[in-house]
Amino acid sequence: MNATHVPVMLQEVVETLALVPGATVVDGTLGLAGHASEMGTMIAPGGLLVGLDWDKEMLDKAKKRLAELKNVEVRTYHSDYRALPECLRRACVETGRDPVADAVLLDLGLSNVHIEDPAYGISFLREGPLDMRFDKTRGEPASAWLNRASAREIEDVLFSLGDERWARKISQFIVERRKVRPLRTTTDLVECVHAAIPAAKRDKRIHPATRTFQAVRIHTNKELDELEEALKRIADILKKGGVMCVLSYHSGEDRAVKHAFRDLGRGGGYEEVHKKPVVPTDAEIAANSKARSAKLRALRRVS
Ligand SMILES: C[S@@+](CC[C@H](N)C(=O)[O-])C[C@H]1O[C@@H](n2cnc3c(N)ncnc32)[C@H](O)[C@@H]1O
C-alpha cells in the first residue's frame, strides 16, 4: 500500500512557527513526515527534531523519510502525543540540550494512508476488518465495542462525536443486526447506516456513513480524552517565544484547542498568534479536498 498524504497548510504552519537553524522542534503527529521534513530542513544546521506517532507502521515510514535530513539530530518515539513532554525530555537528555522546545506541531486526526489502507478499517469506502485503531497494541477493535455496547451508548457516541442526527435509528439497527450476526467488517457498519437513513433524507454532499465512522473512530481511539489537559502540559515545555501550532479537522477537536489556548492566554504567560483560526485557501482546497475542514490555531509563550 503506497498511499501518500499531502501536508495541510504547510506554508502557514512553517511561517507561524518561524523556525531558525539550531532550533528544537517537536512534531507530535508525524504521519508520513510531510511537515516534519520541511521543519527539519529549516532547523539545519544544528537543530533537533523530535517526532512522535502512535501508529508504529506510520512511524517506520516517517523514520525512513527523516533519515534523508542532513545536519539535524532526529529522535522518534512510538508514543501518544499526550506523552510529548516526556519524549522531549528523553531526546534532550540524549542530545545534551535543555528540555524546552522552540516549536511544537500537532496535526490532529488521521493520515490519508489510514483512509486508503483497508487494513485499518477506518474508511466506509473500502471493505476491511472493523478495527479503526491507529495503535493496534492498545484498546480494542471498534467491532468489539459495537457488538457489546447498549443502543443508548452507541447513540450517545454517534450524536456527541459525529453530530449524527440519525444516531438513535442507526444505533437501533446496529443492535438488531448483531442479534443475527456480529458486525465484523466496515461493510457491515455501512449497511446498518444505509438501512437506518431513508434514501430521500440523506445529505447529498457527504456519504451517509461519514459521521458514524468519524464518531466510532474517535471513540475507539479515545482521541478527545484529556485533550485540553494534554495541550496545557505541552504548552508548558515551550521556551519563551516558542510557538505551538495545532491543526484540527472537526468541531470537537477545535473546541478543545480553543478552550485550552483561551485558558492559557488568560494566565498571562501565553498569547494567541492569530486573532481567528487560519483556514486553507480556496486554491489549497481545490488541490486537496482533505484540507477542507482544517483550522490552524497557534499559541506563543510570552513569559
Ligand atoms: C494528519 S496525520 C499527520 C500528517 C503529517 N503532518 C504529514 O504531513 O505527513 C496525523 C497523524 O497523527 C497520528 N496521531 C493521531 N493522534 C495521535 C496521538 N494521540 N498521538 C500520537 N499520534 C497521533 C496519526 O497516527 C497520524 O499518523
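These figures come from a predicted structure and were not determined experimentally. (Residues numbered from 1 in each chain as written. Predicted model: local features only at pLDDT ≥ 70, side-chain atom pairs only at ≥ 80, totals over all residues. Heavy atoms only, no water.)

Can you tell me about the overall build of the protein, naming the residues and giving the values?
Regarding its fold elements, the protein presents 13 helices and seven strands. Relative to the 2.2 N^0.38 estimate, which gives 19 Å for 303 residues, the radius of gyration of the protein is 20 Å and therefore close to what a compact globule would have. Evaluated residue by residue, the protein yields a buried proportion of 50% over its 303 residues. When contacts within the protein are restricted to residue pairs at least 6 apart in sequence, those whose partners lie at least 24 apart make up 71%. (Helix = DSSP H or I, 4+ residues; strand = E, 2+ residues; numbered from the N terminus. Rg over C-alpha atoms; globule rule 2.2 N^0.38 Å. Buried < 20%, exposed > 50% of the residue type's maximum accessible area, 1.4 Å probe, protein only. Contact = heavy atoms within 4.5 Å.)

Run through the pairing of strand S4 (residues 101-107), naming residues and quoting values.
With respect to burial, S4 is a largely interior element, six of its seven residues being buried. Bridge count for strand S1 (residues 24-27) against S4 is three bridges, and the pairing is parallel. Each residue of the ladder has a partner; that of Val26, found in S4, is Val104. The sheet contact formed by S4 and strand S5 (residues 238-248) spans six bridges and is parallel. The residue bridging Asp107 from the neighbouring strand is Leu247, located in S5. (Pairing = 2+ DSSP bridges.)

If you had to explain the pattern of salt bridges to someone new, which residues and values would you point to?
Under the criterion given, the structure shown has 26 salt bridges. A salt bridge links Glu94 to Arg75; the shortest N-O distance between them is 2.7 Å. One end of the pair, Glu94, is in helix H4 (residues 84-95); the other, Arg75, is in strand S3 (residues 72-78), and 19 residues separate them in sequence. Between Arg138 and Asp80 there is a salt bridge, with its nearest N and O atoms 3.2 Å apart. Placement of the pair is Arg138 in the loop between helix H5 (112-116) and helix H6 (142-146) and Asp80 in the loop between S3 and H4, with a sequence separation of 58 residues. Where salt bridges share partners, they join Asp80, Arg82, Asp135 and Arg138 into one cluster. (Salt bridge = Lys/Arg side-chain N within 4 Å of Asp/Glu carboxyl O.)

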